[in-house]
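# Observations on the three-dimensional arrangement
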Amino acid sequence: MPSELTIRIPDTCRVPAATLPFLHQVLDLYAVRTPKLRTSVDAVLRPGWPHAAELGHDHFAFRTFGVPGLGISSLERVLAPLGYSRVADDPPLAFPGKKLLAAWFTPAGADARVRATLPRVFVSEIQVEQLSGAAQEVIRGATAWAAEAAPEAVTVQVLTALLTGALPWRPPTLGQYEQLLAESEYAAWVLAHGYNLNHTAVALHRLPPTGRGADIHDFARRLQGAGLDMNPEGGIVKVSPDGLLLQCAVLADTLPYNFACGRSRQVAAAYVEFVQRLRLPQFASLRDDEVREEHLREGFEVGNADRLYASTTLAAAH
Ligand code: OOG
Ligand code: NI
């Protein structure tokens, strides 16, 4: 559903001129290749609620290879001129079992109303040097150009990949994809999909009722009722230890993929997530109509994220 999910900022707010066109282009490419976006949005909309176009995006998520020139820093170089800065989580988000590191970005300098409208950007990277020699060889074959190119040239390639959906490396063979899949579904996903959006997360706290948002358990029931397979890891709704960040996701679409060797097979593609951020205890006394996004639980949670990664792993195993 290209352009149907629109990100709009208040008229009086300023962001760099390229920020909204960039976010829309990424979202449009994702919508075209994620049939479950339409199915899930249709499953949760109710009469009297905002049109699909007004659903808010809590965050966009990307996956990368942690190799010189690429990785989280490659998104950082694209996002900085768009007004996004990296948030220093202490400790940094790490997933040793999956050999992943993650970071997130927010339009930090912008008006609070802009931050309450634009998606955060969550980016992870796989620590390639911890994979087997055979997996590293496949990944180095795809990414060695980036280690040798000037940083500006790499940024152009990454930006082009983000804006077109093309891979910034030669399309993989089925053998290369399966080699990575056997060891890390995440690595296989990145090889096949590059800088395509991994998921958007619909912000339930930006929906009515004001100050509370839509209930994630109700959403999860509706999604299941519509026949969508949900990520079951650690429970359908993943809850942070403070109880204030609730997330659930439908399993990724599986789509036919044409490999460079001429063969084709179904692979896990993108997924859709739903997030509800609850009010921080220090703002408990605010009236519901006074509650803004800045009064809600911020950031991400390593335990929730660890389980959300399975939204492609379980789809790949289907
Ligand atoms: C990211 C999983 C983590 C979150 O919101 O914590 C995540 C991924 O699947 O690439 O989306
Ligand atoms: Ni997410």
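Everything in this summary refers to the structure shown in the same document.

What counts, and where the lines are drawn
Residues numbered from 1 in each chain as written. Chains lettered and ligands numbered in written order. Predicted model: local features only at pLDDT ≥ 70, side-chain atom pairs only at ≥ 80, totals over all residues. Axes fitted to C-alpha atoms, helices over the stretch in contact; angles between N-to-C directions. Helix = DSSP H or I, 4+ residues; strand = E, 2+ residues; numbered from the N terminus. Parallel < 35°, antiparallel > 145°, perpendicular 65-115°, else oblique. Contact = placed C-beta atoms within 7 Å. Buried ≥ 20, exposed ≤ 12 C-beta atoms within 10 Å, placed from the backbone. Left-handed = near helix turned anticlockwise from the far one by under 90°.

Their axes nearest at 10 Å, the elements helix α3 (residues 72-79) and helix α6 (residues 151-164) cross at an angle of 80°. Regarding the angle of α3 to α6, the classification is roughly perpendicular. Each of Ser 74, Arg 77 and Val 78 in α3 lies in contact with α6, whose residues at this interface are Val 154, Thr 155, Val 158, Leu 159 and Leu 162.

Turning next to helix α8 (residues 185-193). Most of α8 sits inside the fold, with nine of its nine residues counted as buried. Those residues of α8 that sit buried are Glu 185, Tyr 186, Ala 187, Ala 188, Trp 189, Val 190, Leu 191, Ala 192 and His 193. The first or second residue beyond α8 is Gly 194, which carries a positive phi of 55°.

Here we come to the environment of Ser 124. Relative to the helices and strands, Ser 124 is located in strand β5 (residues 120-127). For the pair formed by Ser 124 and Met 230, sequence separation is 106 residues and the distance between their alpha carbons is 22 Å. Ignoring sequence-local partners within four residues, the contact set of Ser 124 consists of Arg 63, Leu 100, Leu 101 and Ala 102.

Omega for the peptide link from Asp 90 to Pro 91 comes to -5°, which places this bond in the cis form. A cis amide bond links Pro 208 with the next residue in sequence, Pro 209, at an omega value of 0°. With respect to the helices, strands and loops of the structure, Pro 209 is situated in the loop between β6 (199-203) and α9 (216-225).

Relative to each other, helix α2 (residues 35-44) and α9 sit at 120°, their axes nearing to 8 Å. Judged by the angle between their axes, α2 and α9 are oblique. The two elements α2 and α9 cross, and the hand of that crossing is right-handed. Across the interface between the two elements, Ser 40, Ala 43 and Val 44 from α2 touch Phe 219, Arg 222 and Leu 223 from α9.

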